[in-house]
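Coordinates in review
Chain by chain, the residues:
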Amino acid sequence: LLKPCAVYKDPFRPGSDNILVLCDCYKPDPDGPRGLGEPIPTNTRAACEKIMTKIKAAEPWFGIEQEYTLFEPDKKTPYGWPKDGEPGPQGPYYCSIGTENAFGRAVVEAHYKACLYAGINISGINGEVMPGQWEYQVGPCTGIASGDQLLASRYLLIRVCEQYGVVVSFDPKPIPGDWNGAGCHTNVSTKEMRAEGGYEAIKKAMERLGAPGKQEEHIQAYDPSGGLDNQRRLTGAHETASYKEFSWGVANRGCSVRIPRMTEKEKKGYFEDRRPASNMDPYIVTGKIMETTVLPDFQ
């Protein structure tokens, strides 16, 4: 059975009351509330919502950076790449302009406008390091709304790509070799972290993320293949930290978790978990981060 959990304006049918409804799924149970039984096995939202409800007083905010790669309909050739070849090396494509560097901007802008119309809290877009690769950011969103909005934004992206005759891939390492992978960096803060002196709460979160066994737990949760997808991406190269060990640092893109320079300077703010893969489940990831860093304070 479908349970509606979020509603957005339909950008593909504007000018009326058309809506898009995000639902999660449950087994039927005549004796359950509204006839709903247990969540089906693939309903990861339900478990995340339980965690977010328990820690609601912490007021968790999330800002998720969704990277993705555009492909030709053959699903083999990244958009803008020569057939059976490769473009020039990485360097001029990141946050680039110009026909020779930015491949697919029309798709990106159309998706941005669709998200704005729908009511998604999209907060930015940029070209990424690998040509044909892009990023958009959703957030800040509070609690369960982060996963809801990211999933809705992915749906809109796939629909927009359909209109432009291109394919979007969320594979975290779509092209092997000396090319950047694609992640879903997850920026996190709580009310305590955002308050004066919140840097101590951030450092406590780092201690919990680095506790014995936690790296393995999080890597398993950060892609749908139990960490196997991310092993191709988190190699220690291309602005990543190795999946084999946890690290954190200030303004360091080569760490598992990056602390922004301004956060350290102001002694309050947020942290960026750079490990989640581009195909991650946002309910699993945001729930896991809260389970490790915040939930112990609410037990």
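What you are looking at is a predicted structure, and each value in this text was computed from that prediction instead of being measured.

About the thresholds
Residues numbered from 1 in each chain as written. Predicted model: local features only at pLDDT ≥ 70, side-chain atom pairs only at ≥ 80, totals over all residues. Heavy atoms only, no water. Helix = DSSP H or I, 4+ residues; strand = E, 2+ residues; numbered from the N terminus. Rg over C-alpha atoms; globule rule 2.2 N^0.38 Å. Buried < 20%, exposed > 50% of the residue type's maximum accessible area, 1.4 Å probe, protein only. Contact = heavy atoms within 4.5 Å. Areas by Shrake-Rupley, 256 points an atom, 1.4 Å probe, with all protein chains shown as cover. Lys, Arg positive; Asp, Glu negative; His and termini not counted. Charge placed at Lys NZ, Arg CZ, Asp CG, Glu CD. Salt bridge = Lys/Arg side-chain N within 4 Å of Asp/Glu carboxyl O. Pairing = 2+ DSSP bridges. Axes fitted to C-alpha atoms, helices over the stretch in contact; angles between N-to-C directions. Arc of directions from axis to C-beta. Phe/Tyr/Trp six-rings, centres within 6.5 Å; stacked < 30°, edge-to-face > 60°. Lys NZ or Arg CZ within 6 Å of the ring centre and 35° of its normal.

**Some remarks on the overall build of the protein**
Of the regular secondary structure elements, the protein holds nine helices and eleven strands. Taken over the C-alpha trace, the protein has a radius of gyration of 20 Å; the compact-globule value for 299 residues is 19 Å, and the two agree within 12%. If you line up the protein on its principal axes, its C-alpha atoms span 55 × 45 × 35 Å. Across the 299 residues of the protein, 52% fall into the buried class. Within the protein, counting contacts between residues at least 6 apart in sequence, those at least 24 apart form 65% of the total. In the structure as shown, the protein presents an accessible area of about 14000 Å², 53% of it carried by carbon and sulfur atoms. Each charge class in the protein can be summarised by its mean position, and for the 35 positive and 39 negative side chains these summaries are 3 Å apart.

**Examining the pattern of salt bridges**
Under the definition given, this model contains 20 salt bridges. When the shortest N-O distance is used, the salt bridge between E264 and R261 registers 3.8 Å. Here E264 pairs with R261, and both are found in helix 8 (residues 261-266), just three residues apart, close to one helical turn. A network of salt bridges, in which partner residues are shared, links K214, E217, K288 and E291.

**Some words on the environment of G63**
Within the secondary structure, G63 sits in strand 4 (residues 61-71). Looking at G63, the relative accessible area reads 16%, which means it is buried. Separated by 126 residues in sequence, G63 and S189 have C-alpha atoms that sit 9.1 Å apart.

**Things to note about the sheet that holds strand 1 (residues 2-9)**
As summarised here, the arrangement of the three strands in space is 1-2-3, forming an open sheet in which the pairing is antiparallel. In the strand order of this sheet, the two ends are held by strand 1 and strand 3 (36-39), each with one partner. On average, each strand axis in the sheet is tilted by 50 degrees relative to the strand beside it, whichever way the strands run. Bridge analysis of strand 2 (residues 19-28) against strand 3 gives two bridges, and the strand direction is antiparallel. Looking at strand 3, one finds that P28 is bridged to L36.

**A look at the pairing of strand 5 (residues 122-127)**
Regular strands show a simple pattern: their side chains alternate between the two faces of the sheet. Of the pairings in the sheet, the one linking strand 5 to strand 6 (residues 133-142) comprises five bridges and is antiparallel in character. Bridging from a neighbouring strand, I125 pairs with Y136 of strand 6. Hairpin connection from strand 5 to strand 6: five residues lie between these consecutive antiparallel strands, with G132 at a positive phi of about 90 degrees.

**As for helix 6 (residues 214-221)**
Residues of helix 6 that are buried: K214, Q215, H218, I219 and A221. Projection of helix 6 onto a plane perpendicular to its axis shows the buried side chains occupying an angular sector of 165 degrees, all on one side. Residues of helix 6 that are buried sit in contact with helix 5 (199-209) and helix 9 (282-293).

**Examining the packing of aromatic side chains**
Per the counting criterion, the structure on display carries three aromatic pairs. Between the aromatic rings of Y68 and Y136, the centroid separation amounts to 6.0 Å while the plane-to-plane angle is 55 degrees, which identifies the pairing as tilted. Here Y68 is found in strand 4, whereas its partner Y136 is found in strand 6, with 68 residues between them in sequence. Each member of the pair, Y68 together with Y136, is buried. For the pair W81 and W179, a centre-to-centre distance of 4.8 Å together with 50 degrees between the ring planes defines the contact as tilted. Taken together, the residues W81 in the loop between strand 4 and helix 2 (105-118) and W179 in the loop between strand 7 (167-169) and strand 8 (184-189) connect sequence positions 98 residues apart. A cation over an aromatic ring shows up here: K9 above the ring of Y117, its NZ or CZ 4.2 Å from the ring centre.

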